[in-house]
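Each chain, letter by letter, is given below.
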Amino acid sequence: MILTGQLDSPFVRRVAIALHLYDFPFEHNVISAYDDFNKLLALNPLGKVPALQLANGDVLADSSLILDYLDRLAGQDKSLWPAPLEERAGVLAHVGVAVGLAEKSVEFRTETVRRPSEKIDQPRVDRILAQISAALTWLETHTPEEGYISGNKLTHADIASTVAMTFIANKNPEHLGEGSYLSKLRAHAARCESCEPFKAAPFTDG
Ligand SMILES: N[C@@H](CCC(=O)N[C@@H](CS)C(=O)NCC(=O)O)C(=O)O
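Keep in mind the model is a prediction, meaning the values are calculated, not measured.

1. What about the sheet that holds strand β3 (residues 51-53)?
Spatially, β2-β1-β3-β4 is the arrangement adopted by the four strands of the open sheet, whose pairing is mixed. Where the open sheet ends on each side, the last strands, each with one partner, are β2 (27-29) and β4 (59-61). Pairwise comparison of adjacent strand axes, ignoring direction, gives a mean angle of 20 degrees for this sheet. Inspection of the sheet shows strand β1 (residues 2-4) paired to β2 by three bridges, in the parallel sense. The residue of β2 that forms the bridge with I2 is E27.

2. Focus on the nonpolar core
Counting 46 residues, the largest nonpolar core has V15, A18, A98, L101, A102, A160 and A164 as its most contacted members. Going through the elements one at a time, α1 (10-22), β3, α3 (63-74), α4 (85-111), α5 (122-141), α6 (156-171) and α7 (183-193) are the ones with two or more residues in this core. Each of domain 1 (2-78) and domain 2 (85-199) gives at least three residues to this core. Those residues in contact with A160 that sit more than four places away from it in its chain are R14, V95, A98 and V99.

3. With respect to the packing of α4 against α5
Where α4 meets α5, the axes come as close as 9 Å, and the angle between the chain directions of the two elements is 150 degrees. In terms of their interaxial angle, α4 and α5 are classed as roughly antiparallel. Classified by chirality, the crossing of α5 by α4 is left-handed. Taking contact as the criterion, the partners of V97, A98, G100, L101, K104, S105, E107, F108 and E111 in α4 are, on α5, R124, V125, I128, Q131, I132, A135, L136, W138 and L139. Of the residues contributing to the contact of α4 with α5, the split by class is 11 nonpolar, three polar and four charged.

4. Description of the environment of G177
Inspection of the secondary structure puts G177 in the loop between α6 and α7. With 11 C-beta atoms packed within 10 Å, G177 lands in the exposed category. Along the primary structure G177 and G96 are separated by 81 residues, whereas in three dimensions their C-alpha atoms are 23 Å apart.

5. Observations regarding α1
Look at α1: 18 Å from first C-alpha to last across 13 residues, which is about the 18 Å you get at 1.5 Å a residue. The buried count for α1 comes to 11 of 13 residues, which makes it a mostly enclosed element. The set of residues buried in α1 consists of P10, F11, V12, R13, R14, V15, A16, I17, A18, L19 and L21. Following α1 by one or two positions, D23 adopts a phi angle in the positive range, close to 70 degrees.

6. Regarding the domain arrangement of the protein chain
You can read the domains of the protein chain as domain 1 (2-78) and domain 2 (85-199). A straight line from the C-alpha centre of domain 1 to that of domain 2 covers 20 Å. Of the residues lining the interface, 10 residues belong to domain 1; the matching set on domain 2 comes to 10 residues. Of all elements in the fold, only α1 and α3 reach the threshold of two or more residues within the side of domain 1 that touches domain 2. Element by element, the count of residues in the side of domain 1 that touches domain 2 is highest for α1, at eight residues. When grouped by side-chain class, the residues that make up the side of domain 1 that touches domain 2 number six nonpolar, two polar and two charged.

7. Some remarks on the environment of P197
Residue placement: P197 occurs in helix α8 (residues 196-199). Residue P197 is classed as partly exposed on the basis of its 17 C-beta neighbours within 10 Å. Counting along the chain gives 175 residues from P197 to Y22, while the straight-line C-alpha distance between them is 9.5 Å. Sequence-distant contacts of P197, that is, excluding residues within four places in its chain, are made with I17, H20 and L21.

Cut-offs and rules
- Residues numbered from 1 in each chain as written.
- Predicted model: local features only at pLDDT ≥ 70, side-chain atom pairs only at ≥ 80, totals over all residues.
- Pairing = 2+ DSSP bridges.
- Helix = DSSP H or I, 4+ residues; strand = E, 2+ residues; numbered from the N terminus.
- Axes fitted to C-alpha atoms, helices over the stretch in contact; angles between N-to-C directions.
- Core = buried A, V, L, I, M, F, W, Y, C linked by C-beta atoms within 7 Å.
- Buried ≥ 20, exposed ≤ 12 C-beta atoms within 10 Å, placed from the backbone.
- Domains from an automatic or database assignment.
- Contact = placed C-beta atoms within 7 Å.
- Parallel < 35°, antiparallel > 145°, perpendicular 65-115°, else oblique.
- Left-handed = near helix turned anticlockwise from the far one by under 90°.
- Nonpolar A, V, L, I, M, F, W, Y, C, P; charged D, E, K, R; others polar.
- Expected span 1.5 Å × (residues − 1).

Here's what the structure looks like:
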């Protein structure tokens, strides 16, 4: 398998970390979604990362769809989704907010850093900031003081939350505030980042 995309992307990172956790060998094609746009278009018609090329030539895009495939390939014993339905629903809800937070954090940069200042739509930016803040507050409320989000086993919720937090901490740390604000979320991300599969796919500024 070949994973395309840089590790500054929280979406590429969640796939890379899961590949390490599942213990699947893969090649990493480190190209930029912006600087290598034409190369990327040839691989994925949406010109987005991540893209995962399979041995049969199929190319999967979108981190959640890629992880759906990989989890099935890994099998129940290595699955990063809990089997009991109620527990699974909790993890799905958590992943939804965490991946949405990552999307809004990337969109914030598109709407600010990637635009000339006279073209910035401030009401739009304010809306995104409100969404980022509400998502962070929700995640803080649903993150335990210790251990993993869904008890004693790491799931996709831990990965999604951590890659979003690390992306924000590197790109827009001001969104995380100071002091005890988001203390459970910060501590959880630090715990996860100290694990080998996260260290094997470290955030790398592109
Ligand atoms: N929902 C997608 C989001 C992927 C995404 O937005 N990737 C960004 C990089 S962080 C990208 O490729 N942006 C280029 C573009 O949208 O043109 C996923 O989960 O994979």
